[in-house]
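Now for the letters of each chain:
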Amino acid sequence: QDLYYKLAKSCDVLCKNDKALKYYRAAYDIDSTHLETLLGMADLLHRTEDWDRAFKIYQTVLVHHRDSQGSQEIVEIFYRLGGIKLKLGERKKALNMFEKALEIDAYHRPTLEAVVELQAKHNDWEAVVQAKQALLETADADGKFELHQQLGDIFRQNLRSPERGIAAFEAAADIKPDSHAVLHKLIELFSETEQWR
């Protein structure tokens, strides 16, 4: 089993996908719970877009090795499972996987970005807001500025909530007080809400 795994890994590194998969399968047939074999095979299947089989192998990792894996490894697996379900057109199942990832790491950027993209496509703007607000927690100053602007636009255009829009643009203005784009949006919202002072 160990020899087949090493052969698989070598072929994998050399981008010989067919041979790598053949050796991963040989190792898997001997021991279907060997962690390195499962991860290597799942990653290869994921890379080659064999979505159904990749999903099954990642699930096998969770069944047999969840307790021995670090939290970030588990988050990454749930993120990948969500991505696979998206590729297969299963939105609800994808969201479920992303939620499981965020239960472990509420600020996992790739998962939050996937949730933003998915929910925006389906016009669930409150869910987009929630994910973007979580992204704020780990963003640098420039990232926070951009996110506050994006949130302001969502409040203004999609949720028709000028007051929340004002709060978001004011937060952006706190970071970059000289931003003309933000100041113009604030003037428009103050005019719209008749806050002349």
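Just so you know, these numbers come straight off a predicted model, no measurement behind them.

Engineer: Would you mind showing me how to read the packing of aromatic side chains here?
Structural biologist: What describes a pair of aromatic rings is the distance from one ring centre to the other and the angle between the planes of the rings. Counted according to the given criterion, the structure contains three aromatic pairs. The interplanar angle of 50° and the centroid separation of 6.4 Å between the aromatic rings of Tyr 5 and Tyr 24 together place this pair among those described as tilted. Linking Tyr 5 in helix α1 (residues 2-13) with Tyr 24 in helix α2 (residues 17-30), this pair joins segments that are 19 residues apart in sequence. Tyr 24 gets classed as buried once you look at its relative accessible area, which sits at 0%. Look at Tyr 79 and Phe 98: their rings are 6.3 Å apart centre to centre, the planes differ by 35°, and that puts the pair in the tilted class.

Engineer: Explanation requested: the confidence of the model for the chain in the structure shown.
Structural biologist: Summary statistics for the chain give a mean pLDDT of 96 and a share of 100% for residues scoring 70 or more. By mean pLDDT, α1 is the weakest element of the chain at 94, and helix α9 (residues 141-158) is the strongest at 98.

Engineer: Teacher, can you tell me more about the side chain of Asp 12 here?
Structural biologist: Summarising the element assignment, Asp 12 is placed in helix α1. Separated by 2.4 Å, the side chains of Asp 12 and Arg 47 make a polar contact. With sequence-adjacent residues up to four places away left out, Asp 12 is seen in contact with Ala 20, Tyr 24, Gly 40, Leu 44 and Arg 47.

Engineer: How do you make sense of the pattern of salt bridges when you look at a structure like this?
Structural biologist: Where charged atoms from two side chains of opposite charge come close, those side chains can pair. Scanning all chains against the criterion turns up 13 salt bridges. Across the pair Arg 109 and Glu 113 runs a salt bridge whose closest N-O atoms are separated by 3.4 Å. Here Arg 109 and its partner Glu 113 are both found in helix α7 (residues 109-121), four residues apart, which amounts to about one turn of the helix. Residue class for Glu 113 comes out partly exposed when judged on its relative accessible area of 39%. Put simply, Glu 117 and Lys 121 hold a salt bridge, and the shortest N to O gap is 3.7 Å. With Glu 117 and Lys 121 both in helix α7, this residue pair falls four residues apart, about one helical turn. Glu 117 gets classed as partly exposed once you look at its relative accessible area, which sits at 49%. One salt-bridge network, in which partners are shared between bridges, spans Asp 43, Glu 76 and Arg 80.

Engineer: For this particular structure, what's the right way to read the state of the cysteines?
Structural biologist: A covalent bond bridging the sulfur atoms of two cysteines is what the word disulfide describes. In the structure shown here, the tally under the stated rule is zero disulfides. Between Cys 11, a cysteine without a disulfide, and Cys 15, which holds the nearest cysteine sulfur, the sulfur-to-sulfur distance is 11 Å. Judged by relative accessible area, which is 63%, Cys 15 ranks as exposed.

Engineer: I keep staring at the packing of α9 against helix α10 (residues 162-175) and nothing clicks. Help me out?
Structural biologist: Between two packed helices, the angle of one axis relative to the other and the distance separating the axes together describe the packing. Viewed as axis vectors pointing N to C, α9 and α10 meet at an angle of 160°, and their least axial separation amounts to 8 Å. Regarding the angle of α9 to α10, the classification is roughly antiparallel. As for the relative orientation of α9 and α10, their crossing is left-handed in sense. On α10, the residues that touch Ala 141, Lys 144, Phe 145, His 148, Gln 149, Leu 151, Gly 152, Asp 153, Phe 155 and Arg 156 of α9 are Arg 164, Gly 165, Ala 168, Phe 169, Ala 171, Ala 172 and Ile 175.

Engineer: Mind showing me how you'd approach the nonpolar core here?
Structural biologist: General note: in soluble globular proteins, nonpolar side chains tend to be found buried as a group. Ranked by size, the top nonpolar core spans 28 residues in total, and within it Tyr 24, Tyr 58, Phe 78 and Leu 81 carry the most contacts. For this core, the elements supplying multiple residues, two or more each, are α1, α2, α3 (35-47), α4 (51-65), α5 (71-87) and α6 (91-104). A per-element tally of this core places α4 first, with seven residues. Within the second largest apolar cluster, 21 residues are counted, among which are Ala 114, Val 129, Ala 131 and Leu 136.

Engineer: I would appreciate a short explanation of α10 in the present structure.
Structural biologist: One full turn of an α-helix is made of 3.6 residues, so residues set three or four places apart face in the same direction. With 14 residues, α10 extends 20 Å between its outermost C-alpha atoms, agreeing within 8% with the 20 Å of an ideal straight helix rising 1.5 Å per residue. The set of residues buried in α10 consists of Gly 165, Ile 166, Ala 168, Phe 169, Ala 172 and Ala 173. Buried residues in α10, looked at end-on, bunch into an arc of 170°, giving them a common side. In the core, the buried residues of α10 are packed alongside α9 and α11 (180-192).

Rules behind the numbers
- Residues numbered from 1 in each chain as written.
- Predicted model: local features only at pLDDT ≥ 70, side-chain atom pairs only at ≥ 80, totals over all residues.
- Heavy atoms only, no water.
- Phe/Tyr/Trp six-rings, centres within 6.5 Å; stacked < 30°, edge-to-face > 60°.
- Helix = DSSP H or I, 4+ residues; strand = E, 2+ residues; numbered from the N terminus.
- Buried < 20%, exposed > 50% of the residue type's maximum accessible area, 1.4 Å probe, protein only.
- pLDDT = per-residue confidence, 0-100.
- Polar contact = N/O pair within 3.5 Å; in protein donor to acceptor, adjacent residues only side chain to side chain.
- Contact = heavy atoms within 4.5 Å.
- Salt bridge = Lys/Arg side-chain N within 4 Å of Asp/Glu carboxyl O.
- Disulfide = S-S within 2.5 Å.
- Axes fitted to C-alpha atoms, helices over the stretch in contact; angles between N-to-C directions.
- Parallel < 35°, antiparallel > 145°, perpendicular 65-115°, else oblique.
- Left-handed = near helix turned anticlockwise from the far one by under 90°.
- Core = buried A, V, L, I, M, F, W, Y, C linked by side-chain atoms within 4.5 Å.
- Expected span 1.5 Å × (residues − 1).
- Arc of directions from axis to C-beta.

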